[in-house]
Amino acid sequence: MNVPAGHSGGILDIAFVGTLPPCQTGASIVCLQLLDGFARCGHRVRALAPITPEFETAGAAIQDTHTAINLRWFPMPSYEPFPNRPPPLPFRLEERRQIESHFGQLLRDERPDVVIIGRETYAWIATEHVRTAGVPSVLYVHGGASTAMARGSYPKSPQAELLSQYRAADRIVTMASHWAKTLHWLGLANVISVRNPVALDRFAPGPCDLSLRHALALQDNAIVVLHASHLGPVKRCHDIIRSAAQACPADDRLVYVFVGDGQGLADLKQFSEEQGVSERCRFVGWVSHGRMPAYLNLADLVVMPSEAEVQSLVYLEAMACERVLVASDIPAAREILDDGESGLLFPGGAVDRLTNLTLALASSADRRAEIGRNARRRVAAHGLESVVADHERILLGIVHARDVASDAWGA
């Protein structure tokens, strides 16, 4: 660990406020991985995150598992229902009340060296407390509100207010270089991109879980096409069903597995019936992150036809497991894979093209294996330990800069 001069021992007291599992988002998973990494490096980590009644048991299990983090929950009736637009006023008022109470207390208990705001909409509230405490801060921007801003669909007045809170952070960190450019376009400075992490020891090629294969009623010769997401409209899951309707008559081995439990699940099931492929589809619902390696190693192809992503964890995790990632040709995917070598791209919405790629890959195990090996090598730079070290350097750097500025002011 690089220790900056002026900060005793380089060991930080890190306070975090944001979403964490069991909240079912990639951003929550990333934040928990990073906090665990900081704790393993010897830093003190105190974290505050929302919990809903349906997930209280899962939250207690996470506390029991991640004991290196001093994790506290604040109660909310639900997780933020509409991350791409301002939440309804009652939700926002309750969120403000809870964060002001619990986060304010966390800062008063003991002044941290640095605060991480792990959900961009929490900048509404958290930056006020950070400024009052005189603590440097880092804001993580994973997409959500900023995605809507980039599309021009976020209301102008709340956008201006929220961006002003973003600017109050000492550093804005996003997980993809293309999104850093978007944030600059929105008028934000002091933005840096750091790669999204993948735990290469857990997400690695491995034997098929035979009990899982049996549970999904998969034949020995099945070619498994897997998709994992929250199943929202932006993921374009219906394109996968349309492609299945074209591909299944040409290859009776194809089976489509959908992992996720979003609002679009019921509609997707109905659409598979309308398209005549319901018997070739498996809808498994939400799967804990710890079970994802087993599902990915079950797959022959992982298809992600999203119309937009900042950077999907599923991209990285599929590639780390030496699966063939077939993704829509968007900046997030181009940043991760080399088309034709470590994955394959197709124009978003081009169902015919997706079908042709699926059938070609289904017919060639050698081609799948070659792309999978290349994919694993391609994502090696995203290894969790390396990414944690990059984030650690950012935290130590801004604390050191604040310490130097305070010393100069005192002199």
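Residues numbered from 1 in each chain as written. Predicted model: local features only at pLDDT ≥ 70, side-chain atom pairs only at ≥ 80, totals over all residues. Heavy atoms only, no water.

1. Structural notes on helix 4 (residues 123–133)
Considered for burial, the residues of helix 4 that qualify are Ala123, Trp124, Ile125, Ala126, Thr127 and Val130. Buried-residue contacts for helix 4 involve strand 1 (13–17), helix 3 (89–109), strand 4 (114–117), strand 5 (137–141) and helix 6 (156–166). A positive phi of about 65° marks glycine 134, the residue just after helix 4. (Buried < 20%, exposed > 50% of the residue type's maximum accessible area, 1.4 Å probe, protein only. Helix = DSSP H or I, 4+ residues; strand = E, 2+ residues; numbered from the N terminus. Contact = heavy atoms within 4.5 Å.)

2. Quick word on the nonpolar core
Counting 78 residues, the largest nonpolar core has Leu20, Phe38, Tyr140, Leu226, Val302 and Tyr315 as the members making the most contacts within it. Beyond its immediate stretch of four places on either side in the chain, tyrosine 315 contacts Met304, Glu309, Leu325, Ala327, Ile330, Ala332, Ala333 and Ile336. In this structure, Ile117, Ile125, Leu139 and Ala148 belong to the second largest nonpolar core, which totals 38 residues. (Core = buried A, V, L, I, M, F, W, Y, C linked by side-chain atoms within 4.5 Å.)

3. Looking at the pairing of strand 10 (residues 281–285)
Bridging between strand 9 (residues 254–259) and strand 10 involves 4 bridges; their strand directions are parallel. What sits directly across from valine 259, in strand 10, is glycine 285. Taken together, strand 9, helix 10 (residues 265–274) and strand 10 constitute a β-α-β crossover, and its handedness is right-handed. (Pairing = 2+ DSSP bridges. Right-handed = clockwise from strand over helix to strand, strands pointing away.)

4. Some remarks on the sheet that holds strand 1
Backbone hydrogen bonds hold the strands of a sheet together, and the pairing may be parallel or antiparallel. Sheet architecture is open: 7 strands sit in the order 3-2-1-4-5-6-7, paired in parallel fashion. Across the chains shown, the open sheet's two edge strands, defined by having one partner strand only, are strand 3 (69–75) and strand 7 (191–193). Across the sheet, the mean angle from the axis of one strand to that of its neighbour is 20°, orientation sign disregarded. With 3 bridges joining them, strand 6 (residues 171–174) and strand 7 adopt parallel strand pairing. Bridging from a neighbouring strand, threonine 174 pairs with serine 193 of strand 7. Contacts from helix 2 (residues 56–65) reach strand 2 (44–51) and strand 3, with the element oriented near 165° to strand 3. Along the sheet face, helix 4 touches strand 1, strand 4 and strand 5 and points at about 175° away from the line of strand 4. (Axes fitted to C-alpha atoms, helices over the stretch in contact; angles between N-to-C directions.)

5. Considering the environment of tryptophan 124
Looking at where tryptophan 124 falls in the secondary structure, it is placed in helix 4. Taking C-alpha positions, tryptophan 124 is 30 Å from tryptophan 286, a pair spaced 162 residues apart along the chain. Apart from the residues lying within four places of it in its own chain, the contact partners of tryptophan 124 are Arg92, Arg96, Tyr154, Pro158, Glu161, Leu162 and Gln165.

6. Quick word on the packing of aromatic side chains
Taken as a whole, this structure holds 3 aromatic pairs when the rule is applied. Ring geometry for phenylalanine 55 and tyrosine 79: centres 6.0 Å apart, planes at 40°, overall tilted. Linking phenylalanine 55 in the loop between strand 2 and helix 2 with tyrosine 79 in the loop between strand 3 and helix 3, this pair joins segments that are 24 residues apart in sequence. Each member of the pair phenylalanine 55 and tyrosine 79 is classed as buried. Consider the rings of phenylalanine 74 and tyrosine 122, whose centres lie 6.5 Å apart with planes at 50°: the pair is tilted. Separated by 48 residues along the polypeptide, phenylalanine 74 in strand 3 and tyrosine 122 in the loop between strand 4 and helix 4 bring together distant segments of the chain. (Phe/Tyr/Trp six-rings, centres within 6.5 Å; stacked < 30°, edge-to-face > 60°.)

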